[in-house]
Amino acid sequence: MLSHNAMALMIWVIVILMVFFAVGCLSAKIIPGERSPFYLEIPPLRLPVLSNIITKAFTRMSWYFIEILPVFIFTSLVLWVSDCIGLLSYVIQKTEPIMILLGLPRETSQIFLLGFFRRDYGAAGLYDMCVRGLLTDNQLVVAAVTLTLFLPCVAQLAVMIKERGLFSSLIMVILIIGIAFLTGGLLGHIIDWLSIQI
């Protein structure tokens, strides 16, 4: 999406790196504990063995089908039922003011919501809006930064809950959403304030 405009891509990279750096510095100050030295041991390079490749691929595919596939099926069912009873439209309508605060069109709220359930839809939705001329390059940068920092997807959330527990995951979700929208909003206002035309 951003590849057609070098300046837009550069702004996206700079903002994402700044956020990652800031979050890393803050977490190093907030989370107690000693820093461990970073060592990267390079394993001996060997020719791959076909049986090992098949075994590893089978193990990962089995894990995916057992752990993640039910989440996707359940999510699809929830989306379908929500759409049938009008709940999905209601939630999209209630999130539209947030998109307007970011300086984005109302239609972007659907992309963010469905992008949470199916991550690939987020990028595809933004691309579709660009093709239809609903997003300017300035709005595309704001939307791309916000979507990049937004919750990865419902499958990632399920893994997060499984590994961290419900309470810790809920705090992480609130922080992630807050950081994503705060960064997007600040970026949009800075672009407008500096009158940058990307």
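Residues numbered from 1 in each chain as written. Predicted model: local features only at pLDDT ≥ 70, side-chain atom pairs only at ≥ 80, totals over all residues. Heavy atoms only, no water.

Draft legend 1. Expanded view of the layout of surface pockets. For the largest pocket, the calculated volume is near 1,000 Å³. Considering the residues around the largest pocket, the lining is formed by 31 residues, among which Val 19, Val 23, Leu 175, Ile 176 and Ile 179 are closest to the centre. Looking at the lining of the largest pocket, the elements with two or more residues in it are helix H1 (6-30), helix H6 (137-149), helix H7 (154-164) and helix H8 (166-193). Residues belonging to the lining of the largest pocket are distributed by class as follows: 24 nonpolar, five polar and two charged. By volume, the second largest pocket amounts to about 260 Å³. What lines the second largest pocket is a set of 13 residues, and nearest its centre among them are Thr 95, Leu 113, Phe 116, Phe 150 and Ile 177. Sorting the residues of the lining of the second largest pocket by element identifies helix H3 (87-101), helix H4 (108-117) and H8 as the ones contributing at least two each. Grouping the constituent residues of the lining of the second largest pocket by class yields eleven nonpolar, two polar and no charged. (1 Å grid on protein atoms, 1.4 Å probe; cavity = no way out; pocket = protein on both sides within 12 Å on 5 of 7 lines; lining within 4 Å. Points joined across faces, edges and corners; volume = space filled by probe spheres on them. Helix = DSSP H or I, 4+ residues; strand = E, 2+ residues; numbered from the N terminus. Nonpolar A, V, L, I, M, F, W, Y, C, P; charged D, E, K, R; others polar.)

Draft legend 2. Focus on a nonpolar patch on the surface. Nonpolar side chains collect at one region of the surface, where Met 61, Trp 63, Tyr 64, Phe 65, Leu 69 and Ile 73 lie side by side and expose about 610 Å² of accessible area between them. Inspection of the secondary structure puts Met 61 in helix H2 (residues 50-85). (Patch = residues over 30% accessible without salt bridge, like charges linked within 9 Å, V, L, I, M, F, W, Y side chains within 5 Å. Areas by Shrake-Rupley, 256 points an atom, 1.4 Å probe, with all protein chains shown as cover. Salt bridge = Lys/Arg side-chain N within 4 Å of Asp/Glu carboxyl O.)

Draft legend 3. Seen up close, the side chain of Thr 108. Mapped onto the elements, Thr 108 comes out in helix H4. Not counting residues within four places of it along the chain, the set of residues in contact with Thr 108 comprises Met 99, Leu 126 and Met 129. (Contact = heavy atoms within 4.5 Å.)

Draft legend 4. Here's a closer look at the packing of aromatic side chains. The tally for this structure, following the rule as stated, stands at three aromatic pairs. Ring plane angle 80 degrees and centroid distance 5.6 Å describe the contact between Phe 112 and Phe 150, whose orientation is recorded as edge-to-face. Taken as a pair, Phe 112 in helix H4 and Phe 150 in the loop between H6 and H7 lie far apart in primary sequence, 38 residues in all. On the accessibility criterion, Phe 112 (2% relative accessible area) is buried. Pairing Phe 112 with Phe 181 gives two aromatic rings, centres 5.9 Å apart and planes at 40 degrees, and the pair type is tilted. Taken together, the residues Phe 112 in helix H4 and Phe 181 in helix H8 connect sequence positions 69 residues apart. Overall, Phe 181 belongs to the buried group, its relative accessible area being 17%. Grouping aromatic residues by their ring pairs yields a cluster made of Phe 112, Phe 150 and Phe 181. (Phe/Tyr/Trp six-rings, centres within 6.5 Å; stacked < 30°, edge-to-face > 60°. Buried < 20%, exposed > 50% of the residue type's maximum accessible area, 1.4 Å probe, protein only.)

Draft legend 5. Spatial organisation of the nonpolar core. Among the nonpolar cores identified, the biggest contains 37 residues, and Leu 104, Phe 112, Val 141, Val 145, Phe 150 and Leu 187 are the most heavily contacted of them. Those elements that provide at least two residues to this core are H1, H2, H3, H4, helix H5 (119-131), H6 and H8. Residues contacting Val 145, with those up to four places away along its chain left out, are Trp 12, Val 15, Ile 16, Thr 183 and Leu 187. (Core = buried A, V, L, I, M, F, W, Y, C linked by side-chain atoms within 4.5 Å.)

Draft legend 6. Just H3, in detail. Most pronounced at Thr 95, the bend in H3 amounts to some 30 degrees, and the proline Pro 97 follows within four residues. Listed as buried for H3 are Leu 88, Ile 92, Glu 96 and Met 99. Where H3 is buried, its residues contact H2, H4 and H8. Looking one or two residues beyond H3, the residue adopting positive phi is Gly 103, at roughly 85 degrees. (Bend = angle between axes of the 7 residues up to and from the residue.)

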